[in-house]
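# Coordinate inspection notes
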Amino acid sequence: MTSAQPDPDGTSASHLQLPPGAWATVLDGLCARFPAIDRATWLDRFARGRVLDAHGVPLPADAAYRVGMEIRYFREVVDEPVIPFEMSVLHVDAHLVVVDKPHFLPVTPAGAFVGETVLARLVARLGNSGLVPLHRIDRGTAGLVLFSANPETRGRYQALFRTRRIGKYYEALAPALPEAEFPRVRRSRLERGEPFFRMAEVAGEPNSESRIEVLERGGGIWRYALEPVTGRKHQLRVHMAALGAPIVGDRVYPVLREQAADDYSQPLQLLARELRFADPLSGEQREFRSERQLALPL
């Protein structure tokens, strides 16, 4: 199952190839595959054109089930939490959009969030349903995210990340490490840990690398500059925790704390500060910088 283009209200559709089964209708098959969603809800989605064929044509609720048939459907969340923070749009052109996102706002639909995402808000603001994020940052992380606005040039920009021709620079607030030498490099092998959403350092050939420098020393909490050379999930958070300086506000590393409702007064103190690259279309050197700030405790 893979994400598709968002529809005009900014929510992302998913593609599903119907698996083997003896169901008479697509509706029957969806009810069986997603038992947490009741039949009345699926009927309502069909009625509102939220289940489509591979060409984007709405399916009727009595559409016949065919193994291998590809459908599109739109996730919806009842009582979706409202994220009370605004994002900033720093740059818009025919090919590229740059957003400066707040803490807590996810980039794309996931879990309990569908409409309350950077993607949905951006589509609603710009009216371009073809926007696609070129990379992702965690919901808890604030800062810069690049979006492709043109499918014809999208691959050129995606290649910047795949071939590591884009500089990504972060800031973080974390405990002081007065005995450590800086700048320093952390290399390790990161694999999926337990539970499934955590990453862990394990023995083996390193597949992750982060460069770490100190920008400001402020008592027990310092401001660090972080440069992820590779782009593994949660890489900066795992590396800082492994050094003995977990990022302030991190509820996952080094120890998983109870996942309660968001506490907006205690965001993860991690900011995607800068992106630098040579534009693959013009060759122009481009640099974008977040306008947000991480404030050292008084």
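Each chain has its residues counted from 1, running along the sequence as written. This being a predicted model, a pLDDT of at least 70 is required before a residue's local features are given, and a value of 80 or more before pairs of side-chain atoms are given or counted; all residues contribute to the totals for chains, interfaces and linings. The side-chain figures draw on all heavy atoms in the structure; neither hydrogens nor water molecules are used.

## Let's talk about empty space enclosed by the protein
Buriedness for pockets is judged along seven lines, at least five of which must meet protein on both sides within 12 Å for an open set on the 1 Å grid over protein atoms alone, while cavities are sets there where a 1.4 Å probe fits but cannot get out, and lining residues have an atom within 4 Å of a point. Grid points are joined across faces, edges and corners, and a volume is the space filled by probe spheres set on the points. What the rule picks out here adds up to one cavity of 30 Å³ or more. In this structure, the largest cavity occupies an estimated 30 Å³ of space. Considering the residues around the largest cavity, the lining is formed by His135, Leu144, Lys168, Tyr169, Tyr170, Ala272, Glu274 and Leu275. Helix numbers and strand numbers start at the N terminus; a helix is a DSSP run of H or I with at least 4 residues, a strand a run of E with at least 2. Listed by contribution, the elements that provide at least two residues to the lining of the largest cavity are strand S9 (166-175) and strand S14 (270-278). Residues are sorted three ways: Asp, Glu, Lys and Arg are charged, Ala, Val, Leu, Ile, Met, Phe, Trp, Tyr, Cys and Pro are nonpolar, and all the rest, Gly among them, are polar. The residue makeup of the lining of the largest cavity, split by class, is five nonpolar, one polar and two charged.

## Observations regarding the pairing of strand S12 (residues 208-218)
For two strands to be treated as a pair, DSSP must find at least two bridges joining them. Examined bridge by bridge, strand S10 (residues 184-192) and S12 share five bridges and lie antiparallel to one another. Counted as the bridge partner of serine 188 is serine 208 from S12. In sequence, S12 turns back onto strand S13 (residues 221-228) through a hairpin of two residues, with glycine 219 there showing a positive phi of about 70 degrees.

## Quick word on the packing of aromatic side chains
Two aromatic rings, drawn from Phe, Tyr or Trp (for Trp, its six-membered ring), form a pair once their centres lie within 6.5 Å of each other, and the interplanar angle then sorts them: stacked below 30 degrees, edge-to-face above 60, tilted otherwise. Summed over the entire model, instances satisfying the criterion amount to eleven aromatic pairs. Ring geometry for phenylalanine 34 versus tryptophan 42: centroids 5.9 Å apart, planes at 40 degrees, classification tilted. Each ring, one from phenylalanine 277 and one from phenylalanine 288, has its centre 6.2 Å from the other, and the planes form 35 degrees; the classification is tilted. Residue phenylalanine 277 is located in strand S14, and its partner phenylalanine 288 is located in strand S15 (residues 285-289); the two are separated by eleven residues in the primary sequence. Take phenylalanine 277 and phenylalanine 288: they sit in the same class, and that class is buried. Pairwise contacts between aromatic rings join Phe34, Trp42 and Tyr73 into one cluster. Counted as over-ring charges are cases with an Arg CZ or a Lys NZ within 6 Å of the ring centre that also lie within 35 degrees of the ring normal. Above the plane of the ring of tryptophan 222 lies arginine 217, whose end atom (NZ or CZ) is 4.7 Å from the centre. One Lys or Arg, arginine 276, reaches over the ring of tyrosine 169 and ends 4.2 Å from the middle of that ring. Think of it in three bands: residues with accessible area under 20% of the maximum for their type are buried, residues over 50% are exposed, and the middle band is partly exposed, with areas taken using a 1.4 Å probe on protein chains only.

## What to know about the side chain of aspartate 53
Along the chain, aspartate 53 falls in strand S3 (residues 51-53). Charge counting follows a simple rule: Lys and Arg are positive, Asp and Glu are negative, and His as well as the terminal groups are ignored. Salt bridge, as used here: a side-chain nitrogen of Lys or Arg that lies within 4 Å of a carboxyl oxygen of Asp or Glu. Buried and unpaired, aspartate 53 has no salt bridge, with arginine 72 as the nearest side chain of opposite charge at 7.2 Å. Within the local environment of aspartate 53, its side chain forms a polar contact with the backbone nitrogen of histidine 55, the two atoms lying 2.8 Å apart. Any two residues having at least one pair of non-hydrogen atoms within 4.5 Å are treated as being in contact. Not counting residues within four places of it along the chain, the set of residues in contact with aspartate 53 comprises Leu59, Glu70, Ile71 and Arg72. Identification of polar contacts relies on pairs of N or O atoms within 3.5 Å, with a donor-acceptor requirement for protein atoms, meaning one able to donate a hydrogen and the other able to accept it, and with residues adjacent in sequence counted only if both atoms are side-chain atoms.

## Quick word on the nonpolar core
We define the nonpolar core as a collection of buried residues of types Ala, Val, Leu, Ile, Met, Phe, Trp, Tyr and Cys that are connected through side-chain atoms lying within 4.5 Å of one another. Within the largest apolar cluster, 35 residues are counted, with the highest numbers of intra-cluster contacts made by Leu131, Phe147, Tyr224, Leu226, Met240 and Leu270. At the level of secondary structure, the elements contributing two or more residues to this core comprise strand S6 (96-101), helix H3 (118-126), strand S8 (142-148), S9, S12, S13, helix H5 (235-242) and S14. Looking at this core element by element, the count peaks at four residues for H3. Once residues within four sequence positions are removed from consideration, phenylalanine 147 is found in contact with His95, Leu96, Val97, Val99, Val107, Val118, Leu119, Leu122, Leu131, Val132, Pro133 and Leu134. Among the nonpolar cores identified, the runner-up in size contains 16 residues, and Leu18, Phe34, Trp42 and Val51 belong to it.

## A short note on the side chain of arginine 154
Along the polypeptide, arginine 154 turns up in helix H4 (residues 154-162). Among buried Asp, Glu, Lys and Arg side chains, arginine 154 stands out as unpaired, with glutamate 152 the closest opposite charge at 10 Å. In terms of polar contacts, arginine 154 uses its side chain to reach the backbone carbonyl oxygen of glycine 130, at 2.8 Å.

## A short note on the packing of helix H1 (residues 26-33) against helix H2 (residues 39-47)
Think of each axis as a best-fit line through the C-alpha atoms, taken over the contacting stretch in the case of a helix, with angles from 0 to 180 degrees between the N-to-C directions. Where H1 contacts H2, the axes come no closer than 10 Å and their chain directions differ by 135 degrees. Judged by the angle between their axes, H1 and H2 are oblique. The interaxial crossing formed by H1 with H2 has right-handed handedness. Residue-level inspection shows Val26, Leu27, Asp28, Leu30 and Cys31 of H1 in contact with H2, the latter providing Arg39, Trp42, Leu43 and Phe46. In these notes the angle categories are as follows: under 35 degrees is roughly parallel, over 145 is roughly antiparallel, 65 to 115 is roughly perpendicular, and the rest is oblique. For any helix crossing, the convention is left-handed if the near helix is rotated counterclockwise from the far helix by under a right angle, and right-handed if that rotation is clockwise.

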